[in-house]
Amino acid sequence: MNNVFYNQTLGILGGGQLARMLSLAAANLGIKTHIFCPETDSPAFDVSASHIVAEYSDIQSLQLFASKVDVVTFEFENVPTATLEHLHSMHVYPCAKALAITQDRMVEKTFMAGLELETAPFAQISTVSDLQKALETIGTPSILKTRRMGYDGKGQAKILSKSEASSAFASIGEQPAILEGFIKFQREISVIVARNRDGETTTYDVCENDHRDHILFRTTVPACIASDTATKAQAAALKIIEALDYVGVMAVEMFVVNEGKNERLVMNEIAPRVHNSGHWTIEGAKTSQFEQHLRCVMGLPLGSTRARGIIEMNNLLGEDMHRLPELVAMPDAYLHIYGKKHAVKGRKMGHVTFVK
Ligand code: AMP
């Protein structure tokens, strides 16, 4: 075990709210963070020891960054693979292989199907004619998604009839894509799972996620599902993290489909990082997902994931900021504000957690 971790510096690629909450957790363990990101005025700068503002392709700045840190991690999955290659002599967790699989929806779905986990039916789309053919087998409704760089519903088009093939492909910029059959799910859940450098693993209680306009609105824990479904969801997440040889915290998002009294799990996507649906763990679990991620990447034993009660976490978007006086006056509300200057509609500005 690494017993001098408290003198170490963790480099984080990305400076948003996830890096901010990682930095706050790091400070509690006496670990300093050094942030690398292209945006000036990033939320993590307020709470980290130091930062560099540079593009991810700026090799000189990356080398300078590498010389100042002991371990590197990242807060978003779209870190260019070339950036990680420049850091190959460093301890980088999670590894580039896991990132490469999860950056491409087609590779990711193929990987999960290869583990014999159920996914939506899917097909690779490079041209309109691929799409027309795939619509014959997958049918409608279905969802066309860009293979790369999509998040919060961006780069996606729902297709209701075969005649919409060309307009749907045009609407996602005719980029390499994946067509997925539409899953008529009852619930969306996620499992936050962790694996440390020694291969120890753990999961948190299953989270139930309510999205509005494709953005996470509320997470409740435990999810309202049968206990054997929860066990299967956790087992699926553990199978994925092991198969990726992954070090760190990640989230696996899944659909729950009710068939009579039975619940079926359909895998949707893997987020190779701490995740919005795990923010409740800051007050709602014995070890937060942020501290757990640090424990994983710094070579420490895992902390307890036990929940402290029944939890509800609500995101605060730009349009919710008028509620701050009301929320700050609620004695039981754990309020987190990310320090972003401009409260733009749909922008994640903070979150609030209740533990009952
Ligand atoms: P994603 O970017 O893949 O997480 O998709 C964003 C949201 O779109 C999900 O949280 C679901 O609500 C919905 N969605 C994505 N894929 C499917 C699917 N195959 N069937 C039904 N709904 C989906």
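Criteria and cut-off values
- Residue positions are given per chain, counting from 1 as you read along its sequence in written order.
- The predicted nature of this model means local features are confined to residues of pLDDT at least 70 and side-chain atom pairs, given and counted, to a pLDDT of 80 or more, with totals for whole chains, interfaces and linings taken over all residues.
- Each side-chain value is derived from all of the structure's non-hydrogen atoms; neither hydrogens nor water enter the calculation.
- Being near a molecule or strand, for a residue, means having at least one of its heavy atoms within 4 Å of it.
- Whenever a nitrogen or oxygen atom comes within 3.5 Å of another N or O atom, the pair is scored as a polar contact, on the condition that within protein one atom can donate a hydrogen and the other can accept it, and that pairs from neighbouring residues in sequence are kept only if both atoms are in side chains.
- What sets the accessible areas is the Shrake-Rupley method with a 1.4 Å probe; for residues, cover comes only from the shown protein chains.
- Residue polarity follows a fixed list, in which Ala, Val, Leu, Ile, Met, Phe, Trp, Tyr, Cys and Pro are nonpolar, Asp, Glu, Lys and Arg are charged, and the others, Gly among them, are polar.
- The domain limits used here are those given by an automatic or database domain assignment.
- Here the term buried applies to any residue with accessible area under 20% of the maximum for its type, exposed to any over 50%, and partly exposed to those in between, with areas from a 1.4 Å probe on protein chains only.
- Segments assigned H or I by DSSP are reported as helices when at least four residues long, segments assigned E as strands when at least two residues long, and all are numbered from the N terminus.
- We define buried area as the total accessible area lost by two parts upon association, computed with a 1.4 Å probe and summed across both.
- Between Lys or Arg on one side and Asp or Glu on the other, a salt bridge is scored when a side-chain nitrogen of the former is within 4 Å of a carboxyl oxygen of the latter.
- Strands are labelled as partners when DSSP assigns at least two bridges between them.
- Inter-axis angles, ranging from 0 to 180 degrees, are taken between N-to-C directions of lines fitted to C-alpha atoms, where helices are fitted over the stretch in contact.

On to the site of the ligand, then. Close to the ligand lie 16 residues, the nearest being Lys145, Gln156, Ile183, Glu188 and Glu269. Between a nitrogen atom of the ligand and a side-chain N or O atom of Glu180, the distance comes to 3.0 Å. The separation between a nitrogen atom of the ligand and a polar main-chain atom of Ile183 is 2.9 Å. Compared with its free state, where it exposes 470 Å², the ligand has 92% of that area covered by protein. Split by residue class, the shell around the ligand holds six nonpolar, five polar and five charged. Summarising the domain contributions, the shell around the ligand has at least three residues from each of domain 2 (121-181) and domain 3 (187-355).

Every buried residue of helix α5 (residues 105-114) is listed here: Arg105, Met106, Glu108, Lys109, Phe111 and Met112. A distance of 2.9 Å separates the backbone nitrogen of Met106 from a side-chain oxygen at the start of α5, and that oxygen is part of Asp104. Positive backbone phi, approximately 60 degrees, marks Glu116, located one or two places after α5.

Looking now at the domain arrangement of the protein. The domain boundaries assigned to the protein delineate domain 1 (5-92), domain 2 (121-181) and domain 3 (187-355). Using only C-alpha atoms to locate each centre, domain 1 and domain 3 end up separated by 22 Å. Regarding the contact of domain 1 and domain 3, the summed buried area is about 1,900 Å², with carbon and sulfur atoms giving 72% of it. Summed over the shared surface of domain 1 and domain 3, the result is two salt bridges. A salt bridge links Glu77 to Arg273; the nearest nitrogen and oxygen atoms lie 2.5 Å apart. Linking domain 1 to domain 3 there are five residue pairs in polar contact (both at pLDDT 80 or more). Those elements that place two or more of their residues in the side of domain 1 that touches domain 3 are α1 (17-28) and β4 (71-74). Split into classes, the residues belonging to the side of domain 1 that touches domain 3 amount to 13 nonpolar, four polar and four charged.

Let's shift gears to the environment of Asn28. In this fold, Asn28 is placed in helix α1. Taking the relative accessible area as the measure of exposure, Asn28 reaches 69% and is therefore exposed. Separated by 22 residues in sequence, Asn28 and Tyr6 place their C-alpha atoms 9.6 Å apart.

The element strand β1 (residues 9-13) is largely enclosed, with a buried count of five among its five residues. Going residue by residue along β1, you find Thr9, Gly11 and Leu13 tucked away on one face and Leu10 and Ile12 tucked away on the opposite face as well. Bridging between β1 and strand β2 (residues 32-37) involves five bridges; their strand directions are parallel. Residue Leu13 lies in a different strand from β2, and its bridge partner there is Phe36.

In space, the four strands of this open sheet follow the order β6-β9-β7-β8, with antiparallel pairing throughout. Strands with a single pairing partner mark the edges of an open sheet, and in this sheet they are β6 (122-125) and β8 (156-159). Strand-to-strand twist across the sheet, computed as the mean angle between neighbouring axes with direction ignored, equals 20 degrees. Of the strand pairs in this sheet, strand β7 (residues 142-146) and β8 are connected by four bridges, and their pairing is antiparallel.

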